Amino acid sequence: MSQLDNALRKFGAAEANLAKLEKLWNLLQKNIPSDIVFGANPVYEDACRSYKQLLVELPLIDGWKPTALPWELDEIAQSRLDARESGEIHIQIEVEGEIEKGGKELRKYRFYFAQKRRKVIHNLVDQTINEIDKLLDKLQKTYPVDDETVGRVESRAVIVKIQEPADWQLLSDKIQQIDVLLGSSVPRPSRWGDMKRHLYYGEIGDFRDIITFDWPSVKEGLLTPRYAENEPIPVGVTDLSELILSNTSGSVLTQLNWKNLSAEDFERLIFRLITSDENYENPQWLMHTNAPDRGRDLSVYRVNRDRFSGVIRRRAIIQCKHWLSKSISLPDISTTKDQVKLWEPPRVDSLIIATTGRFTADAVNYTERHNQSDSAMTIELWPESHLETILASTPALVAEFGLR
């Protein structure tokens, strides 16, 4: 059993106990009288005993877990009676708050549990997304999803899962793997149910909907930023007024601290940049184990909208090189250009090399000569200075990735 699988099993067991506690708490609330009532209730009493046993098996999260136990019914009645006789409304409110304390703690635990689970599954979800992208690309070469092809074969009700059972089953398995990873604490992305339904039927029209609608929407929902939507980014100051009162004179540092990023962080940063730009569509992470450096690249379509020519989409491959100690040389450019063939078809119109370092003079000259030739594919160089200019207009990303 792998460490990840063992971790997921423990998360699953903890979540099962949490779900039982939540169910028991709801049962307890239904059996608490709305007024002052003394007396026995066997259902309530058994639920209290079970609640206490389950709470023992709930693991800590950063040293904390729920500790509040449900009150006995007579204890609730006596506390309500004492609060009412005191004539103080705030005492009555405090009593009701103490009665509800267990439910508040369960909701707090559920919140932190979901955060921890997202961190555990983060990298594996990304890896599974890459594998699904490759499977869909492979199937699409056999079953193109353009309207003309679909219209020609749909009358014959071609069922892809019967024509390509191994690949179709593997695709279904990968989607199921993501389902298991997300568990019940992480909400499913938009069109998740549509994709599961289309996978079940597996006809050519279903495959077209998966490629065109379902998977792009699902993937966008799965590729979360480094911080969750409502998760705070560390600021490092408690009061912004302190910044105004302090000496704010001096120069502004434009150079970013690229050392704070790992190679994967750099890829994610570039991915976030292109997904947030309206001129880029359908970004994908690609990986090819036969590449000389086993490099991970991004595939994306650039969109050019012209009122005379219409919409033109050109495919670009972005190779991310998180190099801090050396510059990218001419042989590096040449090798990368040859690797582009690994990603065809469809045709690659542009090769972009993004780096946290720089390019040698020979590499720049080679690129300029190549772009002046009759080659259909252009090469673009994105050195650190270029990326720093782009990121200057997106301070939220700079803060999220800790680049300053």
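Bear in mind that the values here come from a model prediction, so they are computed numbers and not experimental data.

Participant: Give a description of the nonpolar core that names residues and reports values.
Facilitator: For soluble globular proteins, nonpolar side chains are generally found buried alongside one another. In terms of nonpolar packing, the biggest core is built from 54 residues, with Phe-207, Trp-215, Trp-258, Ile-270, Ile-318, Leu-391 and Leu-403 touching the most fellow members. Examining the composition of this core, we find that eight residues originate from one element, helix 5 (residues 101–142), more than from any other. With sequence-adjacent residues up to four places away left out, Ile-318 is seen in contact with Ile-270, Ile-274, Asp-297, Leu-298, Val-300, Ile-352, Ala-354 and Trp-382. If you look at the next biggest cluster of nonpolar residues, it comprises 25 residues, including Leu-18, Leu-24, Leu-28 and Tyr-109.

Participant: Before we move on, could you go through the packing of helix 9 (residues 192–201) against helix 10 (residues 204–222) and cite the residues and values that matter?
Facilitator: A pair of packed helices is captured by two measures, namely the crossing angle of their axes and the spacing between those axes. Packing of helix 9 against helix 10 brings their axes to within 9 Å, and their N-to-C directions diverge by 155 degrees. Between helix 9 and helix 10, the angle falls in the class roughly antiparallel. For the pair helix 9 and helix 10, the sense of crossing is left-handed. Across the interface between the two elements, Trp-192, Asp-194, Met-195, His-198, Leu-199 and Tyr-201 of helix 9 pack against Asp-206, Asp-209, Ile-210, Asp-214, Trp-215 and Val-218 of helix 10. Split into classes, the residues belonging to the contact of helix 9 with helix 10 amount to seven nonpolar, one polar and four charged.

Participant: For the packing of helix 3 (residues 73–86) against helix 4 (residues 89–99), give the residues involved together with the corresponding values.
Facilitator: It is the contact of helix 3 with helix 4, at a shortest axis distance of 8 Å, that shows an interaxial angle of 165 degrees. In terms of orientation, helix 3 and helix 4 fall into the roughly antiparallel class. The crossing of helix 3 and helix 4 is right-handed. On helix 4, the residues that touch Ile-76, Ser-79, Arg-80, Ala-83, Arg-84 and Ser-86 of helix 3 are Ile-91, Gln-92, Val-95, Glu-96 and Ile-99. Each residue belonging to the contact of helix 3 with helix 4 can be placed in one class, and the counts come to five nonpolar, three polar and three charged.

Participant: Lay out the packing of aromatic side chains in plain terms, naming residues and giving numbers.
Facilitator: Following the criterion strictly, the structure yields eight aromatic pairs and no others. Taking the centre distance of 6.5 Å and the plane angle of 25 degrees together, the rings of Tyr-109 and Phe-113 count as stacked. Of this pair, Tyr-109 and Phe-113 both sit in helix 5, four residues apart, which is roughly one turn of that helix. Since its relative accessible area comes to 0%, Tyr-109 is described here as buried. What makes Phe-113 buried here is its relative accessible area of 3%. Ring centres of Tyr-200 and Tyr-201 lie 5.1 Å apart, and the angle between their planes is 85 degrees; on these two criteria the pair is classed as edge-to-face. Judged by its relative accessible area of 57%, Tyr-200 falls in the exposed class. Ring pairing ties together the aromatic residues Phe-11, Trp-64, Tyr-109 and Phe-113, which thus form one cluster. In this structure, Lys-108 is placed above the aromatic ring of Trp-64, and the distance from its NZ or CZ to the ring centre is 4.4 Å.

Basis of the calculations
Residues numbered from 1 in each chain as written. Predicted model: local features only at pLDDT ≥ 70, side-chain atom pairs only at ≥ 80, totals over all residues. Heavy atoms only, no water. Core = buried A, V, L, I, M, F, W, Y, C linked by side-chain atoms within 4.5 Å. Buried < 20%, exposed > 50% of the residue type's maximum accessible area, 1.4 Å probe, protein only. Helix = DSSP H or I, 4+ residues; strand = E, 2+ residues; numbered from the N terminus. Contact = heavy atoms within 4.5 Å. Axes fitted to C-alpha atoms, helices over the stretch in contact; angles between N-to-C directions. Parallel < 35°, antiparallel > 145°, perpendicular 65-115°, else oblique. Left-handed = near helix turned anticlockwise from the far one by under 90°. Nonpolar A, V, L, I, M, F, W, Y, C, P; charged D, E, K, R; others polar. Phe/Tyr/Trp six-rings, centres within 6.5 Å; stacked < 30°, edge-to-face > 60°. Lys NZ or Arg CZ within 6 Å of the ring centre and 35° of its normal.

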